[in-house]
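Commentary on secondary and tertiary structure
One-letter residues, chain by chain:
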Amino acid sequence: MAEQALLEGPFLERLERLSLVTRRRVSGQGKGDRRSIHKGTSIEFVDYRHYTPGDDPRSVDWNIFRRSGNLYVKQFEEEEIVTAHILVDVSKSMDWGSPSKLQFASRLAAALGYIILAGSSKLAAATLSGGTATTFGPAWGRRSSGQLIEFLQRDRPHGETDLDAALDSYARRAAPGQAMIISDLLTPNFEQGIRRLLDRRFEVTVLHVLAPEEVHPPMSGDLTLIDKETGNEVAITLNQEALDRYEERFRTWTRALESFCARHDVVYQRLQTSERLEVVLFDHLRRRGVLR
């Protein structure tokens, strides 16, 4: 299978150079060997700050005090264990394009999962269908990557996904952590589902997967459009005027998505299935601060 090949050869070695980045402190995490941007008590020096009453005197840099007469304390990079959650939408609408959005999403989820497992974080995953979440993990270590791939290959696209209900169901059962939602977002109420994750102290990243044909439809003339999830049909005449209206509505929709995510401190990254996975991981997600 393509997903299995993903974890072989030079690409596997390249994945191990990446690590997940956390942006906020999440309660309930233990210490491990994964570094965060927060200040803590590891041996990796980060910066100085002025002494304040109550600081441990052992953290004061007495060499600086002897030279300057000012009290500074050393800050160190904190090491913590983070639970990362990969949530994949497996609704019927994801079964579109070549490769399909679900194939692309599964490969991306497998690669992200491997990075997390190789980086000593805990990994939990779920496929979202209807209003429910089918879960995997939590799991540790590289050896769990095979089980993750089997899990991702198990669920075939079907039905509609109510992301609000599915995310709410997941958030109620899972420990807070970093949640990455991989979906085409073709559901009317996903914003509420994201709010439910945020309310439960999850840090959220949205990876919005689209087929190139959805961004710029290559078709024209008299057509019958079929809803992949419901089977409903609509007859349309797709001329240049209709294409212009479609693309304007598409831009309005994606701008609204970006605005919603920005207001709620959610990372949003739009992806097309024609993009190479290496570009997604080593370019897009590094620039957005999801990986480093």
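All values reported here derive from a predicted model rather than from experimental measurement.

What follows deals with the nonpolar core. Grouped together as the largest cluster of nonpolar side chains are 44 residues, with contacts concentrated most on I86, V88, L108, L112, I182, L281 and L291. For this core, the element with the most residues is helix 4 (residues 101–118), which contributes 13 residues. Those residues in contact with I182 that sit more than four places away from it in its chain are I86, L87, V88, D89, M94, A105, L108, A109, L112, L207 and V209. One finds A133, L163, L185 and L197 within the second-largest nonpolar core, a separate group that totals 26 residues.

What follows deals with the packing of helix 6 (residues 163–173) against helix 7 (residues 190–199). With their axes 7 Å apart at the nearest point, helix 6 and helix 7 run at an angle of 15° to one another. Relative to helix 7, the element helix 6 is oriented roughly parallel. Relative to helix 7, the crossing made by helix 6 is right-handed. Side by side, helix 6 and helix 7 meet where L163, D164, L167, D168 and A171 of the first sit next to F190, Q192, G193, I194, R196 and L197 of the second. Looking at side-chain class alone, the contact of helix 6 with helix 7 contains 6 nonpolar, 2 polar and 3 charged residues.

Below, the discussion takes up the sheet that holds strand 5 (residues 132–139). The strand order across the open sheet built from 6 strands is 5-4-3-6-7-10, with neighbouring strands paired in mixed fashion. If you trace the sheet from one side to the other, it starts and ends with strand 5 and strand 10 (267–272), each paired once. Averaged over all pairs of adjacent strands, the angle between strand axes in this sheet comes to 15°, irrespective of strand direction. Examined bridge by bridge, strand 7 (residues 203–210) and strand 10 share 6 bridges and lie parallel to one another.

A separate point is the environment of T135. For T135, the position within the fold is in strand 5. Ignoring any residue separated from it by four or fewer positions in sequence, one finds T135 in contact with A125, A126, F151, Y170 and R173.

Here P138 is to be found in strand 5. Residues P138 and A124 lie 14 residues apart in sequence; the distance between their C-alpha atoms is 4.5 Å. When residues no more than four places from it in sequence are discounted, the contact partners of P138 are K122, L123 and A124.

What counts, and at which threshold
- Residues numbered from 1 in each chain as written.
- Predicted model: local features only at pLDDT ≥ 70, side-chain atom pairs only at ≥ 80, totals over all residues.
- Heavy atoms only, no water.
- Core = buried A, V, L, I, M, F, W, Y, C linked by side-chain atoms within 4.5 Å.
- Buried < 20%, exposed > 50% of the residue type's maximum accessible area, 1.4 Å probe, protein only.
- Helix = DSSP H or I, 4+ residues; strand = E, 2+ residues; numbered from the N terminus.
- Contact = heavy atoms within 4.5 Å.
- Axes fitted to C-alpha atoms, helices over the stretch in contact; angles between N-to-C directions.
- Parallel < 35°, antiparallel > 145°, perpendicular 65-115°, else oblique.
- Left-handed = near helix turned anticlockwise from the far one by under 90°.
- Nonpolar A, V, L, I, M, F, W, Y, C, P; charged D, E, K, R; others polar.
- Pairing = 2+ DSSP bridges.

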